[in-house]
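Okay, here's what each chain looks like letter by letter:
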Amino acid sequence: MQSTARVLVTGGAGYIGTHTCIQLLSAGYQLLVLDNFSNSSPEALHRVQAITGIEVPGIEGDINDAALLDRLFEQHAIDAVIHFAGLKAVGESVAQPLRYYHNNVSGTVTLCQAMQRAGVFNLVFSSSATVYGDPATLPIREDFPTSATNPYGRSKLIIEEILGDLYTSDPRWNVALLRYFNPVGAHPSGLIGEDPSDIPNNLMPYIAQVAVGRRERLSVFGSDYPTVDGTGVRDYIHVMDLADGHVRALAWLQQGLGIKAFNLGTGRGYSVLEMLKAFEQACGKTLAYELVARRPGDVASCYADPTLAEQELGWKATLGIEAMCADGWRWQSQNPEGYRS
């Protein structure tokens, strides 16, 4: 599946962005990365280059900068955009809703306006399973009702609705809405991985930081859920599988089929304690944890029905919990301080 198209990747220096860049380069795409490095590092792009042997042009800038976007579209023959750029911490979004709406929603509007002016109508949008709120039944299908329990999730939902309105107004648009479940793991080289700039919001980087000695113990929020061991169950997906989903989505856009949402998940859930045990196997040590009260807004279980992505994108997750933990530990153990190591 080789391509010579040029893709603008917003937020391409971030966790999912860098892994996707590697898969795009190996599929023959030419890239241009735009990132403001607010929650990422220029070093990550140097590592992508080290892995692939291909230089990745990186522009430091913001998706709310319309003049910069116009310049990029003018100077580069861009065929499609993969839009990762966005703030993504649920707790922070509750404390700072205006910042989230300005960055995520206004930034996407500004980006789409620039695309429209440049005559570029192919977009892959980085959405989230948070748009399903607390699902009534499992597994979650794309036709389930959507709702959001926090400003972060609401920003993703609003953007999906804006993109739907955009397509209705102009059917030249082709948009893949990729609803991620819980990305974990790292590139098997150990050169790139998840590097939260503050206390991790997600389970895997927190466990990894406990394993490497940066944190004393894991706090497990809630031990009385109606699940296999009382802890929350989530659909964890290896970031390399997730990256492949974006390459498939780009190919799908070429068919000109309009706008559609796709779940990117494995279709099965693991509990917090199951993930902890699997990571202990990967790192070869016992990790300290404590059971604490539930967090408000957390749901008991959440996992995908990924059938549609397999049928329409030809995509399926292939990497299991062992690879997720082994690759996550390789990255963390080789880079104990992340990209600052």
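Residues numbered from 1 in each chain as written. Predicted model: local features only at pLDDT ≥ 70, side-chain atom pairs only at ≥ 80, totals over all residues. Heavy atoms only, no water.

Looking at an unreviewed UniProt entry, one finds the protein named UDP-glucose 4-epimerase, with Pseudomonas abyssi as its source organism. The annotation that UniProt attaches to the protein under Sequence similarities (unreviewed entry) is "Belongs to the NAD(P)-dependent epimerase/dehydratase family." (UniProt positions renumbered as here; feature names shortened; annotations may be inferred.)

Chemist: Hey, could you run me through the sheet that holds strand β3 (residues 58-60) in this one?
Modeler: The strands making up a sheet associate through backbone hydrogen bonding, with each pair oriented either parallel or antiparallel. Reading across from one edge, β3-β2-β1-β4-β5-β6-β11 is the order of the seven strands in this open sheet, with parallel pairing throughout. Because the sheet does not close on itself, it has two edges, and the strands there are β3 and β11 (259-264). With strand direction ignored, the average angle separating the axes of adjacent strands in the sheet is 20°. Sheet analysis places strand β4 (residues 80-83) next to strand β5 (residues 122-128), joined by three bridges and oriented parallel. Within the sheet, the bridge partner assigned to Ile82 lies in β5 and is Val124. Along the sheet, helix α1 (residues 15-26) contacts β1 (6-10), β2 (30-35), β4 and β6 (174-180); its crossing angle with β2, the most-contacted strand, is approximately 170°. Strands in contact with helix α3 (residues 66-75) are β1, β2, β3 and β4; relative to β2, the strand with the most contacts, it is inclined by about 170°. (Pairing = 2+ DSSP bridges. Helix = DSSP H or I, 4+ residues; strand = E, 2+ residues; numbered from the N terminus. Axes fitted to C-alpha atoms, helices over the stretch in contact; angles between N-to-C directions. Contact = heavy atoms within 4.5 Å.)

Chemist: Help me understand the environment of Ala5 in this model?
Modeler: Here Ala5 shows up in the segment before β1. A relative accessible area of 18% means that Ala5 is categorised as buried. C-alpha of Ala5 to C-alpha of Asp79: the two residues are 74 residues apart in sequence and 6.0 Å apart in space. Not counting chain neighbours up to four residues away, the residues in contact with Ala5 comprise Tyr29, Gln30 and Asp79. (Buried < 20%, exposed > 50% of the residue type's maximum accessible area, 1.4 Å probe, protein only.)

Chemist: Please clarify how the sheet that holds strand β12 (residues 270-271) should be interpreted in this entry.
Modeler: Taken in spatial order, the three strands of this open sheet run β12-β9-β14, and their pairing is mixed. With partners counted over all chains shown, the strands left at the sheet margins are β12 and β14 (301-302), one partner each. Both strand β9 (residues 233-234) and β14 contribute to a ladder of two bridges, which runs parallel. Its bridge partner being in β14, Arg234 is matched across the sheet by Cys302.

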